[in-house]
Amino acid sequence: MPSSPPLHRHGAFSPLHGGGLRRSQFTYRQLSQLASSGTSNPLRVVAHVDLDGFYAQCEMVRLGLPKDKPLAVQQWQALIAVNYPAREWGIGRHCSVTEAKKLCPDLIAPHVATWREGDDKWAYRDDADANISTDKVSLDPYRLESRKILALVKDSLPAGLQRVEKAGIDEVFLDLSSQVHSILLERYPELKSPPPYDDPTERLPLPPISALDWQADALIDLDEEQETVDPDWDDVAILIGSEIVRDVRARVWNELDYTCSAGIASNKLLSKLGSAFKKPNQQTVVRNRAVGSFMSGFKITKLRNLGGKLGSQVVTTFETENVKDLFEVPLDTMKAKLGNDTGIWVHNTIRGIDNSEVNSRTQIKSMLSAKSFRPTINTPDQAVKWLRIFVADIYARLIEEGVLENKRRPRTINLHHRHGSQTRSRQGPIPQGKLLDEETLLDLAKDLLAQIISEGRVWPCSNLSLSVGGFEDGVKGNMGIDGFLVKGEEAEALRYAPGESRLASTEPDRPVKKRRVEDGGIQRFFARKPSADGNSVNGPEPSAGGETDLPSRPLGMPNLDLPVGQPSTSGFASAQAEHGLPDADLLACSRCKASFIDPDALQSHEDWHLAKDIQEAERVRPAFAERPPTPRSSSQKGQGASSKRGRGGKLEHGQSRLRFG
Ligand code: TTP
Ligand code: CA
Ligand code: CA
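Here the structure is a predicted model, which means the values were calculated and not measured. Each chain has its residues counted from 1, following the order in which its sequence is written. Chains and ligands are labelled sequentially in the order written, the chains with letters from A and the ligands with numbers from 1. A pLDDT threshold of at least 70 governs which residues receive local features in this predicted model, and a stricter bar of 80 or more applies before side-chain atom pairs are shown or counted, although totals over entire chains, interfaces and linings include all residues. Computation of side-chain values: all heavy atoms of the structure, hydrogens and water removed.

(A) Main features of helix α2 (residues 54-63). Each residue gets one of three labels from its accessible area relative to the maximum for its type: buried under 20%, exposed over 50%, partly exposed in between, using a 1.4 Å probe on protein chains only. Helix and strand labels come from DSSP, where a helix needs a run of H or I of at least four residues and a strand needs a run of E of at least two; each type is numbered from the N terminus. Taken across its 10 residues, α2 has seven buried, putting it largely inside the fold. The complete set of buried residues in α2 reads Phe-54, Tyr-55, Ala-56, Gln-57, Cys-58, Glu-59 and Met-60. Looking one or two places after α2, you find Gly-64, whose phi comes out positive at around 65 degrees.

(B) Main features of the packing of aromatic side chains. Two rings from Phe, Tyr or Trp (for Trp, the six-membered ring) form a pair when their centres are within 6.5 Å of each other. A pair whose planes differ by under 30 degrees is stacked, one over 60 is edge-to-face, and the rest are tilted. With the rule as written, the count across this model stands at nine aromatic pairs. Taking 6.2 Å as the distance between ring centres and 45 degrees as the angle between the ring planes, the aromatic pair formed by Phe-54 and Tyr-258 counts as tilted. One end of the pair, Phe-54, is in helix α2; the other, Tyr-258, is in the loop between α8 (233-256) and β11 (260-265), with 204 residues separating them in the sequence. With relative accessibility at 5%, the residue Phe-54 sits in the buried group. Overall, the relative accessible area of 1% leaves Tyr-258 in the buried class. Relative to Trp-386, the ring of Phe-373 has its centre 5.5 Å away and its plane inclined at 55 degrees; by these criteria the two rings are tilted.

(C) Region of interest: helix α16 (residues 438-454). Expected span of a helix: the number of residues minus one, times 1.5 Å. When the terminal C-alpha atoms of α16 are compared, their 24 Å separation across 17 residues agrees well with the 24 Å that a helix rising 1.5 Å per residue should span. Looking only at α16, the buried set comprises Glu-438, Thr-440, Leu-441, Leu-442, Leu-444, Ala-445, Leu-448, Leu-449 and Ile-452. It only takes one pair of heavy atoms within 4.5 Å for two residues to be counted as in contact. Contacts made by the buried residues of α16 are with α15 (380-401), β15 (412-419), β16 (422-429) and β17 (461-469). Immediately beyond the C-terminal end of α16, within one or two residues, lies Gly-456, with a positive phi of roughly 80 degrees.

(D) Representation of empty space enclosed by the protein. Here a cavity denotes a set of grid points, spaced 1 Å apart and computed over the protein atoms alone, in which a 1.4 Å probe fits but from which it cannot get out, and a pocket denotes an open set meeting protein on both sides within 12 Å along at least five of seven lines; residues with an atom within 4 Å of a point are reported as lining. Grid points are joined across faces, edges and corners, and a volume is the space filled by probe spheres set on the points. By the definition in use, this model includes nine cavities of 30 Å³ or more. For the largest cavity, the calculated volume is near 110 Å³. Lining of the largest cavity is provided by 14 residues; of these, Leu-51, Ile-149, Leu-150, Glu-171 and Val-172 occupy positions nearest its centre. Counting only elements with at least two residues in the lining of the largest cavity, the list comes to β2 (46-51), α5 (140-155), β7 (164-168) and β8 (171-175). No other element matches α5, which puts four residues into the lining of the largest cavity.

(E) Quick peek at the pattern of salt bridges. Should a side-chain nitrogen of Lys or Arg be within 4 Å of a carboxyl oxygen of Asp or Glu, the pair is scored as a salt bridge. The tally for this structure, following the rule as stated, stands at 23 salt bridges. The salt bridge partner of Arg-246 is Asp-217, with a shortest N-O separation of 3.0 Å. Taken together, the positions of Arg-246 in helix α8 and Asp-217 in the loop between β9 (203-205) and β10 (218-219) put the pair 29 residues apart, joining distant regions of the chain. Asp-217 shares its class with Arg-246; the two are buried. Within the structure, one salt-bridge network assembled from shared partners comprises Asp-140, Arg-143, Asp-393 and Arg-397.

(F) Examining the coordination of the calcium ion (ligand 3) more closely. With distances of 2.2 to 2.4 Å, the protein atoms coordinating the calcium ion (ligand 3) are Asp-50 (OD), Asp-170 (OD) and Glu-171 (OE). Here a donor is any nitrogen, oxygen or sulfur atom (N, O, S) within 2.8 Å of the metal, with 3.2 Å used for Na, K and Ca; water is not among the atoms considered, so some sites may look incomplete. Along the chain, the residues that donate to the calcium ion (ligand 3) are spaced as D-x119-D-E. In this structure, the calcium ion (ligand 3) lies 3.5 Å from the calcium ion (ligand 2), and both are coordinated by Asp-50. Of this pair, Asp-50 sits in strand β2 while Glu-171 sits in strand β8, and the two are 121 residues apart along the sequence. Owing to a relative accessible area of 12%, Asp-50 belongs among the buried residues under this scheme.

(G) Structural detail: the sheet that holds β17. When DSSP finds two or more bridges between two strands, those strands count as paired. Taken together, the four strands give an open sheet; going across it, the order is β13-β17-β15-β16, and neighbouring strands pair in antiparallel fashion. Single-partner strands in this sheet number two, and they are β13 (366-377) and β16. Taking each pair of neighbouring strands and ignoring which way they run, the sheet shows an average axis angle of 10 degrees. Inspection of the sheet shows β13 paired to β17 by eight bridges, in the antiparallel sense. When the sheet's bridge partners are listed, Lys-371 is paired in β17 with Leu-464. Throughout, an axis means a line fitted to C-alpha atoms (over the contacting stretch in the case of helices), and angles, computed between N-to-C directions, take values from 0 to 180 degrees. Across the sheet, α15 touches β13, β15 and β17, and the angle it forms with β13 is around 160 degrees. In the packing of α16 onto the sheet, contacts are made with β15, β16 and β17, and the angle to β15 comes to roughly 40 degrees.

(H) Quick look at the side chain of Asp-234. Tracing the chain through its elements places Asp-234 in helix α8. On the accessibility criterion, Asp-234 (5% relative accessible area) is buried. Here the side chain of Asp-234 touches Asn-288 through a polar contact of 2.9 Å, side chain to side chain. Counting of polar contacts relies on pairs of N or O atoms within 3.5 Å, with two restrictions inside protein: one atom must be capable of donating a hydrogen and the other of accepting it, and residues adjacent in sequence are counted only when both atoms are side-chain atoms.

(I) Seen up close, unusual backbone geometry. In this structure, Pro-375 follows Arg-374 across a cis peptide bond, with omega equal to 5 degrees. Here Pro-375 lies in strand β13. Here Trp-459 and Pro-460 are connected by a cis peptide whose omega angle stands at -5 degrees. Although it is not a glycine, Asp-198 adopts a positive phi angle of roughly 55 degrees. You can see Asp-198 is positioned in the loop between α6 (177-187) and β9. In this model, Gln-215 sits at a positive phi of 50 degrees, which is unusual for a non-glycine residue. Here Gln-215 lies in the loop between β9 and β10.

(J) Looking closely at the coordination of the calcium ion (ligand 2). Protein ligation of the calcium ion (ligand 2) involves Asp-50 (OD), Leu-51 (O) and Asp-170 (OD), the donor distances falling in the range 2.2 to 2.3 Å. Considering all six donor atoms around the calcium ion (ligand 2), angles at the metal cover 77 to 172 degrees and the coordination shape is octahedral. In the primary sequence, the donor residues of the calcium ion (ligand 2) line up as D-L-x118-D. Overall, the relative accessible area of 14% leaves Asp-170 in the buried class. Sites are called tetrahedral only when four donors show all angles between 85 and 135 degrees, square planar or octahedral only when four or six donors show opposite pairs over 155 degrees and all other angles between 65 and 115, and irregular in any remaining case.

(K) Up close: the side chain of Arg-287. Examined against the element boundaries, Arg-287 turns out to sit in the loop between β12 (283-285) and α10 (291-296). When charges are counted, Lys and Arg contribute as positive and Asp and Glu as negative, whereas His and the chain ends are disregarded. Despite its burial, Arg-287 remains without a salt bridge, the nearest opposite charge being carried by Asp-235 at 5.0 Å. In contact with Arg-287, not counting residues within four places along its chain, are Trp-214, Leu-219, Ile-220, Leu-222, Asp-235 and Ile-238.

(L) Layout of the environment of Ile-209. By secondary structure assignment, the location of Ile-209 is in the loop between β9 and β10. As for Ile-209 and Val-236, which are separated by 27 residues in sequence, their C-alpha atoms are 8.8 Å apart.

(M) Geometry of a negative patch on the surface. Negative charge collects at one region of the surface, where Asp-221, Asp-223, Glu-224, Glu-225 and Glu-227 lie side by side. Positionally, Glu-227 belongs in helix α7 (residues 224-227). Within the patch definition used here, like charges are joined within 9 Å and nonpolar side chains (Val, Leu, Ile, Met, Phe, Trp, Tyr) within 5 Å, considering only residues with over 30% relative accessible area and no salt bridge. For every accessible area listed, the method is Shrake-Rupley and the probe measures 1.4 Å; residues are considered covered only by the protein chains on display. Think of each charge as sitting on NZ of Lys, CZ of Arg, CG of Asp or CD of Glu.

(N) Examining the packing of α2 against α5 more closely. Contact geometry of α2 with α5 gives a least axis separation of 10 Å together with a crossing angle of 90 degrees. It follows from the interaxial angle that α2 and α5 lie roughly perpendicular. Residue-level contacts link Phe-54, Tyr-55, Cys-58, Glu-59 and Val-61 of α2 to Tyr-142, Glu-145, Ser-146 and Ile-149 of α5. An angle counts as roughly parallel when it lies under 35 degrees, as roughly antiparallel when it exceeds 145, as roughly perpendicular when it falls between 65 and 115, and as oblique in every other case.

Everything listed is a geometric property; what it means functionally is a separate question.
Below you can see the structure in the form of structure tokens.
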């Protein structure tokens, strides 16, 4: 990993080649490699696009409201999204509905759609906020809009050259490198000429431009020293990237009525910081030569993965809150004080270095549907009614994920139950090899519930959550949660953990895949207690209520392999694991008592739970023979979706219907 920052890559030029001609600092090889989107290419262009006040915009569009009307989306008494006109009145997510209406009496505050116990579809209901005990929030409307926007973004980019990663319900990363490469060659045909002496390490000629037209882009200011240096190809590349993003944003606005903000830079870390830099409806360009001054303006704890314990540790250790001051700390000192991996990671992050790739594969790792009961529920019947809702909610998302086409399917199901301070979960494998339908999921969920009930001390129950995970591709070649999992020897070791007997299995031995284990794989999610040398840091531990025996994961610990802007289930789990409580409680983990202010932190925490579930499931998996997926007959095609139509009242677009037995 590089140890010195690319802060001054545009230093004074020395004419190395070309008989005194000033040349670019980039080589022919680097230019040609731009076509293949290499993650360490210095010409790389990555954008992050994030919708402004997303749920609020969805409601504006749904209700056909003029853009200047203040609107906030209500969930029970709390606000979960606030549009920009409402923010001008001082309204934020921290406000309750009552407070917000005091600040702005004209505020429009639609309640999110809900599933209602005993009803068979989600709906927008005027009385939802008074029905927290019988309703459960549905995020389907926002997922549908999210899907439309994603499809349009993809449609705006050339099919063969695009790399789009959905990074949350309202955001995407775009690796624009190969598209930029092709535009560069088109616009500057001189770049197509072979390098002098056919030597790809020769430097390119400088671009024939001294001033670039950035239009309305917000440009990060440069150091004085950098201001006077002529543009090089990385500036031209990023300018082209920013033109592409401008077009994408214009289409999203013109065709779907949504505004979004974007950051354009050389990697995910910087582009994500860029998109949040100026909102709403703006795009920020972080040129390579501006990275140093851009990063130096941040507080340490504002950087991703530095918002929690690790951030506090860094602040205390180096006695400063400012990224700027950390530039002075040599790498060796970072490593000595924070541990090797963390030291390198912090050293790179503050310098805006991030080589993670934009991954166009679907990255859903888990799906969770949950409900906290106030008042509590007291009978198996009530619990089963909620299981039906959870299953319908999850199944609708599975269909989106391509479960019907057997593109991706979950391998494990987990039910979590809370009774007083006691929490219990039971998990099991989802049988593979036949089409997964709602009934199967419901039966599995009911089985898990029965297991929990059989142990007694179940009622009253204050929370139930159902999740599926361990996504596997029906089509070979992709990697879902498996990317997190340790396979091969490590997995075997886990399966034969001491005290575990292996169940009879007809599963053929799986090929041993080589995986890096030191800082990859599931181990990253598990206990690394703070060691004497401070090698790892513990974040808030999921408290192990009742019989769950959850190891602690260092939540503040940066996950070196995971990309920045780590994608979440569908935005993040908090809103699904709805608690119906205002503010901070909205981001409580539904499965343990840990609470989070930052949705990203909650997401990592829930990923940790999931990883743990899947590890557990791996232990029981051999009980099921693993067969290749059965091809679906044409009569089965679309079964799940079509069987939902034609019953009862009209469904709203994308709405699914519950089956009550
Ligand atoms: P964000 O992108 O974090 O926020 P936003 O789109 O509302 O506003 P911004 O313009 O600053 O990007 O989250 C996307 C959606 O996720 C948001 O509209 C509502 C939902 N959400 C919650 O439900 N709870 C939360 O705590 C957060 C942060 C978001
Ligand atoms: Ca947003
Ligand atoms: Ca977002």
